Amino acid sequence: MSSIQTVGVIGAGTMGNGIAQACAVAGVPVIMVDISEAAVQRGLATLASSLERLVKKDKLTAEARDAALARVSTSTDYAALNAAQLVIEAATEQLALKLKILGQLDAQLPAEAIIASNTSSISITQLAAATQRADRVIGMHFFNPVPMMALVEVIRGLQTSDATFGAVQALATALGKTPIEVRNAPGFVVNRLLVPMINEAFFVLQEGVSKPEDIDAAMKLGCNHPIGPLALADLVGLDTCLAIMEVYMAQFQDSKYRPAPLLREYVAAGWLGRKSGRGVYSY
């Protein structure tokens, strides 16, 4: 086990309660904090029903479920996080919000505590620079749904120390995850490879090379992907895919990251995918 005995999680939404569940099931006490009691209770209810589903599927015993739930405490006060050696920020993907939270954590937590961000796109170097403990700030990018997905991208900012990296890598392993070491860069590894592939699928569609169903079938059957890139775009949200490509274009200044005009057109039409009822496909 790592030197991290108790974990704090900021945010009780989809990612936050998933991270809390992964910790609790692995035997690690976790403190889940959000801005309101209602948000905390929603997160706790989601976590409890997720554990219940695992019991029904015989993947977890009733005793293990009860023990996991007993390891989860909740609060709306950052002071409750003082017992944690690591706090994972899992708030909405907005730079200003994350900087504000990191500033509050930095002021509140003991000097030796590690702060991790579950960001999927924001610079860990930039987040670390906003604190007085830049060597103890790191990226810990989980994937949705957290309890099922094995990968954690452990992202080193320019300032992250080896000791911080080692402690977080050990914790990820203790949670039953497979950590990969990533240097801070736009999109890290997974999104850096995945979103340009989705973008290229839009170029292929735009050029009339193949029909949407056939493009998706090609990648599923030819590359063993569980879902095709266009169906995946609809799931992620076409606006999100476009926003990520815009970030790559701005940060790398490389034309290979130019967003496909058809992707822009769909977003302009409000065809954002599953969440709007229409994207590449209709829902």
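Below you will find a few notes about this structure. From a predicted model like this one, the values you see are computed outputs, not experimental measurements. (Residues numbered from 1 in each chain as written. Predicted model: local features only at pLDDT ≥ 70, side-chain atom pairs only at ≥ 80, totals over all residues. Heavy atoms only, no water.)

## Here's the deal with the sheet that holds strand β8 (residues 178-183)
Then comes step 1: Within the open sheet, the eight strands sit side by side as β3-β2-β1-β4-β5-β6-β7-β8. Their pairing is mixed. Both outer strands of the open sheet, β3 (72-75) and β8, are each paired with one neighbouring strand and no more. Between one strand axis and the next, the sheet turns by 25° as a mean value, whatever way the strands run.
Then comes step 2: In this sheet, strand β6 (residues 137-142) lies alongside strand β5 (residues 114-117) in parallel orientation, the contact comprising three bridges. Pairing of Ala-116 across the sheet is with Ile-138, part of β6. (Pairing = 2+ DSSP bridges. Helix = DSSP H or I, 4+ residues; strand = E, 2+ residues; numbered from the N terminus. Axes fitted to C-alpha atoms, helices over the stretch in contact; angles between N-to-C directions.)

## Regarding the packing of aromatic side chains
Then comes step 1: Tallied over the full model, the rule gives five aromatic pairs.
Then comes step 2: Ring centres 6.2 Å apart and planes at 65° place the aromatic pair Tyr-248 and Phe-252 in the edge-to-face group. With Tyr-248 and Phe-252 both in helix α10 (residues 238-252) and four residues apart, the pair spans about one turn of that helix.
Then comes step 3: An angle of 25° between the planes, with centres 5.0 Å apart, marks the rings of Phe-252 and Tyr-257 as stacked.
Then comes step 4: Joined through ring pairs, the aromatic side chains of Phe-202, Tyr-266 and Trp-271 make up one cluster.
Then comes step 5: Between Arg-278 and the ring centre of Trp-271, over which it is positioned, the NZ or CZ distance is 3.6 Å. (Phe/Tyr/Trp six-rings, centres within 6.5 Å; stacked < 30°, edge-to-face > 60°. Lys NZ or Arg CZ within 6 Å of the ring centre and 35° of its normal.)

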